[in-house]
Amino acid sequence: MNERDPAVLIADLRADIRYHDHRYYVLADPELPDADYDDLRRRLLALEEAHPDLVTADSPSRRIGAPPSETFAPVTHRERMFSLDNAESPAEVTEWLARAERQLDRPAGSLVCELKIDGVAVSLTYERGFLTRAATRGDGATGENITANVRTIASVPLRLLGEPPAYMEVRGEVYLPLDEFDRLNARQAEADDRLYANARNAAAGSVRQKDPAVTASRNLAVWIYQVGYLEGGPALATHFETMEWLRGLGLRVHPGTATVTDVAAVTGYVERVRAERNDLPYQTDGVVIKVNGLAEQAELGSTARAPRWAIAYKFPAEERVTRLRGIEINIGRTGAATPFAVLEPVFVGGANVERATLHNEDEIHRKDVRVGDQVVVRRAGDVIPEVVGPVPSRRTGEEKKWSMPSDCPFCEAPIVRPDGEKVARCTRGLTCPSRLREWLFHFAGRGGMDIEGLGYKTVELLLSNGLIKGPADIFFLEPDDLLGFEGWGEVSVTNLMNGIDAARNRPIARLLVGLGIRHVGGTVARLLAREFGSIEALQQADEETLAAIEGIGPTIAESVAEWFAGEDNQDLVSRLAEGMVRFSDPDWGKGPEKTLQGVRLVLTGALESMSRDIARVAVEDRGGRLVSSVSKKTTALVAGASTGSKLAKAESLGVPVIDEATFLRLIERGPSVLDRGPAP
């Protein structure tokens, strides 16, 4: 036999899966991201399907999880706790539904969509309304008794409301909210303890603590998603009806659960969740789709490991393992030397990734990341890919530790890390080509002067051909400077010239952000613009005057005063004035009335008339607040296009929901608009 022999491949895959099952289920310390583990299982299932004679009773494909740990007493579930089969496209959901309807020999009826929370599956037993036992899933048949720990979770009721059944097992997902995850890792770092790679791992470790007080300190939460076993209770016909009944008993059921009619509606639900998943206060890695009718569920039954009446639509993997080829540094506009990972290409978070951030030198050493390591790479939505950490068990001994280079790779100036700071910096100033390039890109970007047509490639073209040497030079460009370069015809040149002309008239807050003054972001720039009204007035303000402004403080005041005192910066300001850049706001002193004082708004989906940043400014300028999550204190939810789970939460809390047109009238007229509702 050789390495291509199916028996050898199957044996190797089984050994790998058993190893990772032990790390995940028993040690609560997984090495592989879910996507890589799922790949192992898929490969094993495909080989076993092609070679049924090689299937054995002890194959991991015939198991749901792993044997329970000996640390906790075993618990036998009254009904098995299954895993779910996965789909990764609407076509696979369509195929699953077609199989179900063939078995039923009739349409499956309505479907239910609910978020797939990335946590730890648990079973809660209630007898005559009292919580008597909590258990992990274990291998599906037998789990671990974690009752003492689960009783510390505030969202798990110890006694049900209303008229509970005589006996009931419900299934749910225990998870760690992301803000609690951040706090936990901060405490771990302070104590010099191991950091958790993600919130799911932290939740798994938390529910399996020997001391319930430790579990209690971590503020876990739960969502209930299913009845596992029931004695007594009302006659229930659908899964959705069951969830509403459980909600009435005081169990925490996700408000985003919805019934849909077909796969097209499933796809719409999936896309809404995917658009908002990174704004949620917990991790979700997909959507679970279920046949709604309980009679249909019973008729469809289950395979050895998964129900036929449900499937999980998995989002693109946000974590994968790949090799770290090298570590290089980039020099930003402030001179900060930021290390980044050069990776063997890997598909993660819906995109091919070859570069990932490593944050700073301290983080590299704290995580003990070495060149040549197998590393876990995370990419969540549009977030910049990052290296979570190494997989030490895969080291060969050839990996090399890394340290910050002593000289800048772009200008050869010394790289120095000031005492007490985490960031090392190039010491050359803006004559460093990398700093200058990054500054120009920032200046022309949306947060700064928002110059249409002046992106990264154009900045590179202008610099490499000596057409600009600083931000002010942009406003002296002529069409003939660009005509003749590849890809630059009359239309593209005219568009850039129009973009530059438009930038001349931006509010001075935009100019202040674009100048790249340290500590001056959008909020501080707006404060300075409101206070002084012009660049000339701001130039003349001393440090004491600046520090006296509410929201500024001594650190920002010192930074602003030092910047305007610099000779090179004074020359830059003079040249910007020669380039006809606006230096004052014509409506200064006529700020909008504080018509939204005390108003708290949440925005979900996209607005057609403005960006989120502009919406935030519009609300804050009028005394209101634009916050990220819905609560009972929310004045209204602004629903744009492609809304997500925030809409369902607002409706469940009775928070008013308004459309974009009503939001615009709210900005114009104030809260009285909410009494009239949306415009007809």
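Residues numbered from 1 in each chain as written. Predicted model: local features only at pLDDT ≥ 70, side-chain atom pairs only at ≥ 80, totals over all residues. Heavy atoms only, no water.

In this section: the pattern of salt bridges. In this structure the tally under the stated criterion is 33 salt bridges. The partner of Glu169 in a salt bridge is Arg133, with the nearest N and O atoms 3.9 Å apart. In this pair, Glu169 is assigned in strand S7 (residues 167-175) and Arg133 in strand S5 (residues 130-136), connecting sequence segments 36 residues apart. Glu421 is the salt-bridge partner of Arg425, the closest N and O atoms lying 3.9 Å from each other. Here Arg425 falls in the buried class, since its relative accessible area comes to 16%. Note on Glu421: relative accessible area 28%, which makes it partly exposed. A cluster of three or more residues bridged by salt bridges with shared partners is formed by Asp39, Arg42, Glu88 and Arg320. (Salt bridge = Lys/Arg side-chain N within 4 Å of Asp/Glu carboxyl O. Helix = DSSP H or I, 4+ residues; strand = E, 2+ residues; numbered from the N terminus. Buried < 20%, exposed > 50% of the residue type's maximum accessible area, 1.4 Å probe, protein only.)

Now for the packing of aromatic side chains. Centre-to-centre distance and the angle between the planes together describe a pair of aromatic rings. Inspection of every chain in the model, using the stated rule, returns seven aromatic pairs. Considering the side-chain rings of Tyr175 and Trp223, the 6.3 Å spacing of their centres and the 10° angle between planes classify their relative orientation as stacked. Here the residue Tyr175 occupies a position in strand S7, and Trp223 occupies one in strand S8 (residues 221-231), the gap between them amounting to 48 residues. Given a relative accessible area of 4%, Tyr175 falls into the buried group. Overall, the relative accessible area of 9% leaves Trp223 in the buried class. Plain terms: the ring middles of Phe443 and Phe475 are 6.3 Å apart, the flat faces sit at 80° to each other, and that makes the pair edge-to-face. In this pair, Phe443 is assigned in helix H12 (residues 433-444) and Phe475 in the loop between helix H13 (456-464) and helix H14 (479-482), connecting sequence segments 32 residues apart. A residue is classified by how much of its surface remains accessible, and Phe475, at 4% relative accessible area, is buried. Three or more aromatic residues joined by ring pairs form one cluster here, namely Tyr175, Trp223 and Tyr282. The ring centre of Tyr167 lies 4.7 Å from the NZ or CZ of Arg78, which sits over that ring. Just above the ring of Trp223 sits the side chain of Arg252; from NZ or CZ to the centre is 3.6 Å. (Phe/Tyr/Trp six-rings, centres within 6.5 Å; stacked < 30°, edge-to-face > 60°. Lys NZ or Arg CZ within 6 Å of the ring centre and 35° of its normal.)

This part is about the nonpolar core. Counting residues in each nonpolar core, the largest one holds 52 residues, and the members touching the most others are Ile451, Leu528 and Leu576. Elements that contribute at least two residues to this core include exactly H12, H13, helix H15 (490-503), helix H16 (508-514), helix H17 (522-532), helix H18 (535-540), helix H20 (553-565) and helix H21 (567-578). Look past the residues within four positions of Leu528 in its chain and what remains in contact with it is Leu512, Gly533, Leu538, Leu546, Ile549, Ile552 and Val560. Ala134, Val174, Ala199 and Val253 belong to the second largest nonpolar core, which has 34 residues in total. (Core = buried A, V, L, I, M, F, W, Y, C linked by side-chain atoms within 4.5 Å. Contact = heavy atoms within 4.5 Å.)

The element strand S10 (residues 284-291) is largely enclosed, with a buried count of eight among its eight residues. As paired strands, strand S3 (residues 111-117) and S10 are joined by seven bridges and run antiparallel to one another. Residue Lys116 lies in a different strand from S10, and its bridge partner there is Gly286. The sheet contact formed by S10 and strand S11 (residues 310-314) spans five bridges and is antiparallel. Considered in S11, the bridge of Lys290 is made with Ala310. (Pairing = 2+ DSSP bridges.)

For the rest of this paragraph, the subject is the packing of H12 against H13. Each packed pair of helices is defined by two parameters, the angle between the axes and the distance between the axes. Interaxial distance between H12 and H13 falls to 10 Å at its minimum, and their mutual angle equals 130°. It follows from the interaxial angle that H12 and H13 lie oblique. Handedness of the crossing formed by H12 with H13: right-handed. Between H12 and H13, the contacting residues are Leu436, Arg437, Glu438, Leu440 and Phe441 on the first element and Tyr456, Val459, Glu460 and Leu463 on the second. Grouping the constituent residues of the contact of H12 with H13 by class yields six nonpolar, no polar and three charged. (Axes fitted to C-alpha atoms, helices over the stretch in contact; angles between N-to-C directions. Parallel < 35°, antiparallel > 145°, perpendicular 65-115°, else oblique. Left-handed = near helix turned anticlockwise from the far one by under 90°. Nonpolar A, V, L, I, M, F, W, Y, C, P; charged D, E, K, R; others polar.)

What follows deals with a negative patch on the surface. Residues Asp542, Glu543, Glu544, Glu558 and Glu562 make up a contiguous surface patch of negative charge. At the level of elements, helix H19 (543-547) and H20 are the ones that each hand at least two residues to the negative patch. As for its placement among the helices and strands, Asp542 is situated in the loop between H18 and H19. (Patch = residues over 30% accessible without salt bridge, like charges linked within 9 Å, V, L, I, M, F, W, Y side chains within 5 Å. Areas by Shrake-Rupley, 256 points an atom, 1.4 Å probe, with all protein chains shown as cover. Lys, Arg positive; Asp, Glu negative; His and termini not counted. Charge placed at Lys NZ, Arg CZ, Asp CG, Glu CD.)

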